[in-house]
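Survey of secondary and tertiary structure
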Amino acid sequence: MAEQSAFVAQKCTFEYARARAGLNWDKLFREMAFRQAVEKSRWEAFCYVLSDVGIILEGALRPHARTREIELAERMGRLFELCLLEHPIPDHRPEGWGDEIEAFKLRLAQAQMTAPKAPYDIGEISGGRIYKVLPIHSNLTRFDRELVTNNIRFSLCRFHEDMLRRLAPEAVVADMLSGVPVVEAADRQS
């Protein structure tokens, strides 16, 4: 989850900033204020995409949970939290990720009330949120919301396609619901 989310978030943030900056992108990226804005955007985008990736993954795993869907959601919520907390808290978030962790758990509970959505539809949420935290002044980005959102949506469709090809859902669900706390399972993987 974390690796794919970081890739999508960073790719979207950096590529957009480079494209918008044009020929002067290298000069802009050397300015401390801009680098700080990129860093903030990158971390927020990581969190937003991680939420979407978690929802997509839960939708793929849910049919294999066989009456243990709520427990699966609890494990997914913990996994989301661990993905965020495996890194130092970013400077712009001195209060931490608590608000986003709770928002993901609520989103997960709502997602479980309906059939899984297509990744393209799921990506609209993070795409819109990422657009708002881009490191370029809003005067220059006012027509780019759809572009940014569609970039995220397309990337999530690609993730979904790759995930379906590589995922062994029965094994993943069995491991997640094995009774071993997610922290211990993460430690075993290291």
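Structure: above.
Read on for an overview of the structure. All of these numbers come straight from a predicted model, not from anything done at the bench.

A word on the overall build of the chain. Check the secondary structure of the chain and you find 10 helices and 0 strands. The secondary structure elements of the chain, listed N-terminal to C-terminal, are α-α-α-α-α-α-α-α-α-α. By the compact-globule yardstick of 16 Å for 190 residues, the chain fits well, its C-alpha radius of gyration being 17 Å. Across its three principal directions, the C-alpha atoms of the chain cover 55 × 30 × 25 Å.

Glancing now at the side chain of R107. Looking at the element boundaries, R107 is found in helix α5 (residues 98-111). A relative accessible area of 15% places R107 in the buried class. Of the polar contacts made by the side chain of R107, one reaches the side chain of D52; its length is 2.6 Å. Setting aside residues up to four positions removed in sequence, R107 forms contacts with S51, D52, I55, I122 and I125.

The next thing to look at is the state of the cysteines. Within the structure shown, the criterion is met by 0 disulfides. Summary of cysteine pairing: C83 is not part of a disulfide, and the nearest cysteine sulfur, belonging to C47, is at 11 Å. Judged by its relative accessible area of 8%, C83 is buried. In this structure C157 is not part of a disulfide, and its nearest cysteine sulfur, from C12, lies 14 Å away. For C157, a relative accessible area of 29% corresponds to the partly exposed category.

Okay, the layout of surface pockets next. Within this model, the second largest pocket holds a volume of roughly 180 Å³. As for the second largest pocket, its lining consists of 14 residues, and the residues nearest its centre are I55, R107, A111, K117 and I122. Contributions of two or more residues to the lining of the second largest pocket are made by α3 (32-61), α5 and α6 (119-132). Of the residues contributing to the lining of the second largest pocket, the split by class is 7 nonpolar, 3 polar and 4 charged.

The topology assignment puts S41 in helix α3. Along the backbone, S41 and I130 are 89 residues apart, and their C-alpha atoms lie at a distance of 7.4 Å. Once you skip the residues sitting within four places of it in the chain, S41 turns out to touch T13, V133, L134 and P135.

At a closest axis distance of 11 Å, the pairing of helix α1 (residues 2-21) and helix α8 (residues 145-166) adopts a crossing angle of 150°. Comparing their axes, α8 and α1 come out roughly antiparallel. At the point where α1 passes α8, the crossing takes the right-handed sense. Contacts between α1 and α8 involve Q4, V8, C12 and Y16 from the first element and L147, V148, N151, I152, S155 and F159 from the second. Residues belonging to the contact of α1 with α8 are distributed by class as follows: 7 nonpolar, 3 polar and no charged.

Cut-offs used in this document
Residues numbered from 1 in each chain as written. Predicted model: local features only at pLDDT ≥ 70, side-chain atom pairs only at ≥ 80, totals over all residues. Heavy atoms only, no water. Helix = DSSP H or I, 4+ residues; strand = E, 2+ residues; numbered from the N terminus. Rg over C-alpha atoms; globule rule 2.2 N^0.38 Å. Buried < 20%, exposed > 50% of the residue type's maximum accessible area, 1.4 Å probe, protein only. Polar contact = N/O pair within 3.5 Å; in protein donor to acceptor, adjacent residues only side chain to side chain. Contact = heavy atoms within 4.5 Å. Disulfide = S-S within 2.5 Å. 1 Å grid on protein atoms, 1.4 Å probe; cavity = no way out; pocket = protein on both sides within 12 Å on 5 of 7 lines; lining within 4 Å. Points joined across faces, edges and corners; volume = space filled by probe spheres on them. Nonpolar A, V, L, I, M, F, W, Y, C, P; charged D, E, K, R; others polar. Axes fitted to C-alpha atoms, helices over the stretch in contact; angles between N-to-C directions. Parallel < 35°, antiparallel > 145°, perpendicular 65-115°, else oblique. Left-handed = near helix turned anticlockwise from the far one by under 90°.

Geometric values such as these leave the question of function open.
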